[in-house]
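Single-letter residue listing:
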Amino acid sequence: MRSASPYDVMVALLAGNAEQTPAGTVTRAFAAPVAFWQRALVLEGCAVQLDRALRASSLAPRAPSPLRELLRDSTARAVRQTLTLPGQLTELATAARELGIRIMVLKGAARALTARIPAARSMSDIDVLTAPDDAGRLHQFLARRLGYEPLSTSPEHHLPTLRRAGALPIEVHVRLGPRPTGLDTRIWRDARAVSGTDLVAPSPTATVLHALEHGALVHWAVRYRLRDLLDVADAWSADVDRDEVAGYLRGHLQRVALETMIGGARSFAPDIPAGRRSAWRTIRRVARARHFFAAHVANDAVATSLCIASGLLAEASPRALLRPARLALFGVNQARLVPTEV
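Residues numbered from 1 in each chain as written. Predicted model: local features only at pLDDT ≥ 70, side-chain atom pairs only at ≥ 80, totals over all residues. Heavy atoms only, no water.

*Asks:* Looking at this structure, I do not really get the overall build of the protein. What am I missing?
*Replies:* A tally of regular secondary structure across the protein gives 15 helices and 7 strands. Over its C-alpha atoms the protein spans a radius of gyration of 20 Å, differing by no more than 12% from the 20 Å that the globule rule assigns to 342 residues. Counting only C-alpha atoms and orienting by the principal axes, one finds that the protein spans roughly 65 × 45 × 40 Å. Every one of the 342 residues in the protein was classed for burial, and the buried ones make up 54%. Across the protein, every contact between residues at least 6 apart in sequence was considered, and the portion connecting residues at least 24 apart equals 69%. Per element, the accessible surface of the protein, about 16,000 Å² overall, is 54% carbon and sulfur. Put simply, the protein has 44 plus and 31 minus side-chain charges, and the middle of one group is 6 Å from the middle of the other. (Helix = DSSP H or I, 4+ residues; strand = E, 2+ residues; numbered from the N terminus. Rg over C-alpha atoms; globule rule 2.2 N^0.38 Å. Buried < 20%, exposed > 50% of the residue type's maximum accessible area, 1.4 Å probe, protein only. Contact = heavy atoms within 4.5 Å. Areas by Shrake-Rupley, 256 points an atom, 1.4 Å probe, with all protein chains shown as cover. Lys, Arg positive; Asp, Glu negative; His and termini not counted. Charge placed at Lys NZ, Arg CZ, Asp CG, Glu CD.)

*Asks:* Whenever I open this one, the packing of helix α9 (residues 204–218) against helix α10 (residues 226–235) confuses me. Can you help?
*Replies:* Packed helices, taken two at a time, are described by the angle between their axes plus the distance between the axes. The geometry of α9 relative to α10 is characterised by a closest axis approach of 9 Å and an angle of 170 degrees between their N-to-C directions. Judged by the inter-axis angle, α9 sits roughly antiparallel to α10. Across from Pro204, Thr207, Val208, Ala211, Leu212 and Gly215 in α9, the residues of α10 making contact are Asp228, Asp231, Val232 and Ala235. Grouping the constituent residues of the contact of α9 with α10 by class yields 6 nonpolar, 2 polar and 2 charged. (Axes fitted to C-alpha atoms, helices over the stretch in contact; angles between N-to-C directions. Parallel < 35°, antiparallel > 145°, perpendicular 65-115°, else oblique. Nonpolar A, V, L, I, M, F, W, Y, C, P; charged D, E, K, R; others polar.)

*Asks:* Whenever I open this one, the nonpolar core confuses me. Can you help?
*Replies:* Nonpolar side chains tend toward joint burial in soluble globular proteins. Formed by 69 residues in total, the largest nonpolar core has its most connected members in Met10, Phe30, Ile187 and Leu226. Element by element, the count of residues in this core is highest for α9, at 7 residues. Residues in contact with phenylalanine 30, not counting those within four places in the same chain, are Val9, Trp37, Leu54, Leu59, Arg62, Ala63, Pro64 and Leu67. Counting residues in hydrophobic clusters, the runner-up holds 30 residues, among them Leu85, Ile103, Ile126 and Ala201. (Core = buried A, V, L, I, M, F, W, Y, C linked by side-chain atoms within 4.5 Å.)

*Asks:* What is the right way to read the pattern of salt bridges from this model?
*Replies:* Side chains bearing opposite charge may pair, as long as their charged atoms lie close to each other. All chains considered together, the criterion is met by 17 salt bridges. For the salt bridge of arginine 145 with glutamate 98, the shortest nitrogen-to-oxygen distance reads 3.0 Å. Taken together, the residues span a long stretch of sequence, with arginine 145 in helix α7 (residues 132–146) and glutamate 98 in helix α5 (residues 65–99) at a distance of 47 residues. In this structure, a network of salt bridges that share partners links the residues Arg186, Arg189, Asp190 and Glu244. (Salt bridge = Lys/Arg side-chain N within 4 Å of Asp/Glu carboxyl O.)

*Asks:* Got a minute to help me understand the packing of aromatic side chains in this structure?
*Replies:* Centre-to-centre distance and the angle between the planes together describe a pair of aromatic rings. Considering all chains together, one arrives at 3 aromatic pairs under this definition. A ring pair is formed by phenylalanine 268 and tryptophan 280, whose centres lie 6.2 Å apart and whose planes are at 70 degrees; its orientation type is edge-to-face. Highlighted residues: phenylalanine 268 in the loop between α12 (255–265) and α13 (279–296) and tryptophan 280 in helix α13, separated in sequence by 12 residues. Exposure remark for phenylalanine 268: the relative accessible area of 14% places this residue in the buried category. The class for tryptophan 280 is partly exposed, based on a relative accessible area of 23%. When the ring of phenylalanine 292 is compared with that of phenylalanine 293, the centres are 5.3 Å apart and the planes differ by 85 degrees; the resulting orientation is edge-to-face. On the accessibility criterion, phenylalanine 292 (42% relative accessible area) is partly exposed. (Phe/Tyr/Trp six-rings, centres within 6.5 Å; stacked < 30°, edge-to-face > 60°.)

*Asks:* Would you mind going over the environment of leucine 217 with me for this structure?
*Replies:* Mapped onto the elements of the fold, leucine 217 is located in helix α9. Among the residues examined, leucine 217 registers a relative accessible area of 15% and is labelled buried. Along the primary structure leucine 217 and arginine 163 are separated by 54 residues, whereas in three dimensions their C-alpha atoms are 25 Å apart.

*Asks:* Looking at this structure, how should I read the pairing of strand β2 (residues 126–129)?
*Replies:* Side-chain positions along a regular strand alternate between the two faces of the sheet. Side chains Ile126 and Val128 project from β2 onto one buried face, and the interleaved Asp127 and Leu129 project onto a second face that is buried too. The sheet contact formed by strand β1 (residues 104–106) and β2 spans 3 bridges and is antiparallel. Bridge assignment links methionine 104 to a residue of β2, and that residue is leucine 129. For β2 and strand β5 (residues 170–173), the ladder comprises 4 bridges, and the chain directions are parallel. Bridging across to β5, valine 128 finds its partner in valine 172. (Pairing = 2+ DSSP bridges.)

Below you can see the structure in the form of structure tokens.
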């Protein structure tokens, strides 16, 4: 079994050209143990999208039943997750109104508000952004008034994740990524009201920029995974300001990674302007390194560590190694919760 075969079939299905995939690649991919498919899907985070793409393709009858069942279960779980969203957004809108603050809904929750297809992707949490001075008030409102329990630790860019039984976790962001970027301010400039609520969401252009930064900077350990490329592709529309996106990327410290991201996303959304010429070569090299260890290392924890390390090395970029080096030297500078009166 070639470890890259399932990945290549996933890409072909998601890009809508599975019929052009070599027969040998398809045969090897569908012969892979379901345990490897599980790992591959966790790595790429695109089981829901793949389920829909497989059902619509001529390859569906050839897919082994354990794989089809795995994908169906992922879609069913995404539907259940989406069902909790309206009530939780109502709670957040109430918090915005009572606290007199602006709350921006990000990522999967924002997409779900305008999605043409319900539960079009998995959604593990609800991400919201507020002004840093308002984040503590919102966090405590959700904990004290609405019964959410905070975790004990947090990364640099959001306060401790809030959990409640039967609800999606909520992450209250003080900024968009581990380190400040120009998008932290720009994303508010043309924010759009969410109809019928006191919440706002990013504009189409800001949504694309955020999808790019999130996939490249927040998900630095698994950069270029298919879920993040699909998020960029899904966010691209005729309303996106191409010139602004191009200018933003040109001036970014992580220009190479972001241009590689948008170049890879073009495989799933041809309207995206051409990104970096070597984009897909880099993305596939990184993916092949990860999937090799996912396929051949039995221990989950060891496999995960090797997938991360091999992907970083395969990217062949000194900047890709800065984040883990900084974490090794200085640790995580956690976002801090300042006690406030609610």
